[in-house]
Amino acid sequence: MHARLLSAPSPASTASSSSSLPSAGARPRRASWKPRGPASAPSPPALSLRARAAMEPAAPLPQGQDGSPVHGVSNKVVGVLGGGQLGKMLCQAASQMGIKVVILDPLQDCPASSVCHEHVVGSFNDGDTVREFAKRCGVLTVEIEHVDAATLVKLEEQGVDCEPKASTIMIIQDKYKQKKHFSKFGIPVPDFMEVDTLHSIEEAGERFGYPLMVKSKRNAYDGRGNAVAQKKEELSSVVASLGGFEHGLYVERWTPFAKELSVIVARSRDGSTVCYPVVETIHKDSICHVVEAPAEVSNKIKKSATDVAEKAIKSLEGAGVFAVELFLTEDDQILLNEVAPRPHNSGHHTIESCYTSQYEQHLRAILGIPLGDPLMKAPAAIMYNILGEDEGEAGFFLAHQLIERALNIPGASIHWYAKPEMRKQRKMGHITIVGPSKTSVLSRLDNLLQTDTYTPKKASPRISIIMGSDSDLSVMKDAENIIKKFNIPVETTIVSAHRTPERMYEYAKSAQDRGVEVIIAGAGGAAHLPGMVASLTCLPVLGVPIKTKSLSGVDSLLSIVQMPKGIAVGALAIDNAENAGLLAVQMLGAREPELLGKVAKYRDELRDMVLEKAERLENLGWEEYLK
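About the cut-offs
- Numbering of residues starts from 1 in every chain and runs along the sequence as written.
- Local features are withheld for residues below a pLDDT of 70 in this predicted model, meaning they are given only at 70 or higher, and side-chain atom pairs are given and counted only at 80 or more; totals for whole chains, interfaces and linings count all residues.
- In computing side-chain values, all of the structure's heavy atoms are included and hydrogens and water are not.
- By convention, a stacked pair of Phe, Tyr or Trp rings (six-membered ring in the case of Trp) has centres within 6.5 Å and planes under 30 degrees apart, an edge-to-face pair has planes over 60 apart, and any other such pair is tilted.
- Numbering of helices and strands runs from the N terminus; a helix is a DSSP stretch of H or I covering at least four residues, while a strand is a stretch of E covering at least two.
- By nonpolar core we mean a set of buried residues, namely Ala, Val, Leu, Ile, Met, Phe, Trp, Tyr and Cys, connected to one another through side-chain atoms within 4.5 Å.
- When accessible area is computed with a 1.4 Å probe and restricted to protein chains, residues below 20% of their type maximum are described as buried, those above 50% as exposed, and intermediate ones as partly exposed.
- By definition, residues are in contact when any of their heavy atoms lie within 4.5 Å.
- Paired strands, as defined in this entry, are two strands with at least two bridges between them according to DSSP.
- Cavities and pockets are found on a 1 Å grid laid over the protein atoms alone: a cavity is a set of points where a 1.4 Å probe fits but cannot escape, a pocket is an open set with protein on both sides within 12 Å along at least five of seven lines, and a lining residue has an atom within 4 Å of such a point.
- Grid points are joined across faces, edges and corners, and a volume is the space filled by probe spheres set on the points.
- Just so you know the grouping, Ala, Val, Leu, Ile, Met, Phe, Trp, Tyr, Cys and Pro go in nonpolar, Asp, Glu, Lys and Arg go in charged, and all remaining residues, Gly too, go in polar.
- Each axis is a line fitted through C-alpha atoms, taken for helices only over the stretch in contact, and angles between the N-to-C directions span 0 to 180 degrees.

The next thing to look at is the packing of aromatic side chains. Scanning the entire structure with this criterion turns up five aromatic pairs. Considering the side-chain rings of F257 and F327, the 5.0 Å spacing of their centres and the 10° angle between planes classify their relative orientation as stacked. Of this pair, F257 sits in strand β11 (residues 257-267) while F327 sits in strand β15 (residues 320-329), and the two are 70 residues apart along the sequence. Members of the aromatic cluster, joined through ring pairs, are Y176, F192 and Y250.

This is the structure we're talking about:
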């Protein structure tokens, strides 16, 4: 059912908005609507309202104002400033919880308009409009930070419940103010300074060196409002490209980061916080292109990133979901890049991959409902932004081709934002792929793209094969051969427990952080390698005794199986590295049905091979068979 358009009857407003409204006859006849308030109140600014599936001029009021019963999670109507894709996904989460969401957005066909309870057509940057909109809401929140924060301050003074608080929005709106705020609270950020003249920016270049990152203080996102000066001679043109010093500029020391990370932090009204797993964001032309969850970084880095993110959010006021974008430097330091006081692109994957999506979490936080579990329910996920590759219909055609391919990808979910206009590099939707491992989701993404648009990084080894000497390689190569049959990333190297104890220690301590899940250790003679490595890591270790000239490998076998209680090592038959490799694959397959299916197929092939030999022997007889 089409939503009905209602507008205030002001002649002036009718004239000013006529260009954006449908032609006569395309919609039901418009009825007048006036915001609630005393009869003596001054005339409100012109607004249009799209009431979803209802012909009444206004939505039901929250309980306590009209006394109506509540049939959902909360009795508050949630008002959202902005109706883009974030607002759309927020409304979708709200509909599952029985929460009514009204949105304020100037576009009649904005993405959220088709799924919200009500859509008020108006500017979220107009103070009068925001004030009238707030009268319809039990709690006011944002899906875009570029709103009229000054009006939010006044509304809070009048008792309107804004989450997060207006003070937070004002800090976030100005990136220079952001940096000053977080620096004040001891949160690590890149070196920065304000510039307002050519002399001051030249001083900054001398102080920070080149390349020099120059940024607009306000209205900068998706790479817009940022420019890089490679040398002093480029400063004037860079400043001009950003609108001049009067536009408000500052500079940052160039950060040669190794990775860009992000942490979604949720804070409830009581101040309690939960953090989602750290993800890596991969950008294309300064626009988020791919998000990999969880990030492939060490546990130490994950903890450091989470600590910085949580500390940053605790320095701000108000409830909700916040995205903290971070730099991981080449020397493993974490620097805060910027914060968004709302759900974020780097958290889209949580809809499919986490127990509580960032959108449900935002609603829980601002309404005072207990926060949900932020942990991932899938081992790995990857989110791919559908960016406009061309203008107009040509761009839509390319996007639809991608969507068609996604329908054939296991674990893929499609989110189309339904934006009416296609432009190059515009975010039109996203695809999330969940799977049993990072390798599997990267492989599925590669199949989806079928192009060189995004080249997945070389996957980290999931199984590691080690041995004390290259003399063991003739046996241990069988483990790698069988593992590769299942397309599992594997590494093979030499680690001696006796000749390179420091290397063994470093290897075992770092294995888990590097993504290794199972270790296969081959050893002859004293055979200390499997046990020593097992004592240094909690990863499962499979020991392969290597046959020796003196005792034929029996001493190695006995050494491996005689481990003390509490330090477990799985022992294989002498020289049977192939079974060690197969067992490692089965261990990974215990939580990956797809991989376990491949193991079953491999066993079927072995069975068929035996049956073929038996049939041949029976038909030929043993004498002919042996020929």
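Next comes the rest of the write-up.
Core analysis: the largest hydrophobic core is formed by 29 residues, its most contacted members being L261, L326 and L336. Residue assignment for this core shows that the elements contributing at least two residues are α5 (166-173), α6 (175-184), β11, α9 (299-314), β15 and β16 (334-340). Setting aside chain neighbours within four positions, we find L336 in contact with K179, F182, I187, P188, V189, P190, A312, V324, E325 and L326. Formed by 26 residues, the second largest nonpolar core is a distinct cluster that contains I483, I520, A577 and L588.

Looking now at the pairing of strand β17 (residues 380-387). With eight of its eight residues buried, β17 lies for the most part within the structure. Here β17 shows no split at all, with A380, I382, Y384 and I386 on one side and A381, M383, N385 and L387 on the other all buried. Across four bridges, strand β14 (residues 287-293) lies against β17 in antiparallel orientation. If you follow V291 over to β17, its bridge partner there is M383.

Quick look at the layout of surface pockets now. Approximately 860 Å³ is the volume found for the second largest pocket. For the second largest pocket, the lining is made up of 30 residues, of which P294, E296, K302, G515 and E517 are closest to its centre. Secondary-structure elements contributing two or more residues to the lining of the second largest pocket are α9 and α13 (438-449). Sorting elements by how many residues they give to the lining of the second largest pocket places α13 first, with three residues. Among the residues making up the lining of the second largest pocket, the classes are represented as 12 nonpolar, six polar and 12 charged.

Below, the discussion takes up the sheet that holds strand β7 (residues 192-195). Think of a sheet as strands paired side by side through backbone hydrogen bonds, with each pair either parallel or antiparallel. The four strands are arranged β7-β10-β8-β9 in an open sheet whose pairing can be described as antiparallel. Of all strands in the sheet, those with a lone pairing partner are β7 and β9 (226-229), marking the two edges. Between one strand axis and the next, the sheet turns through 30° on average, direction left out of account. Sheet topology places β7 next to strand β10 (residues 249-253); four bridges connect them, and they run antiparallel. The partner of M193 across the bridge, within β10, is V251. The sheet contacts of α6 involve β7, β8 (212-216) and β10, and relative to β7 the element is tilted by about 140°. Strands in contact with helix α7 (residues 198-208) are β7, β8 and β10; relative to β7, the strand with the most contacts, it is inclined by about 165°.

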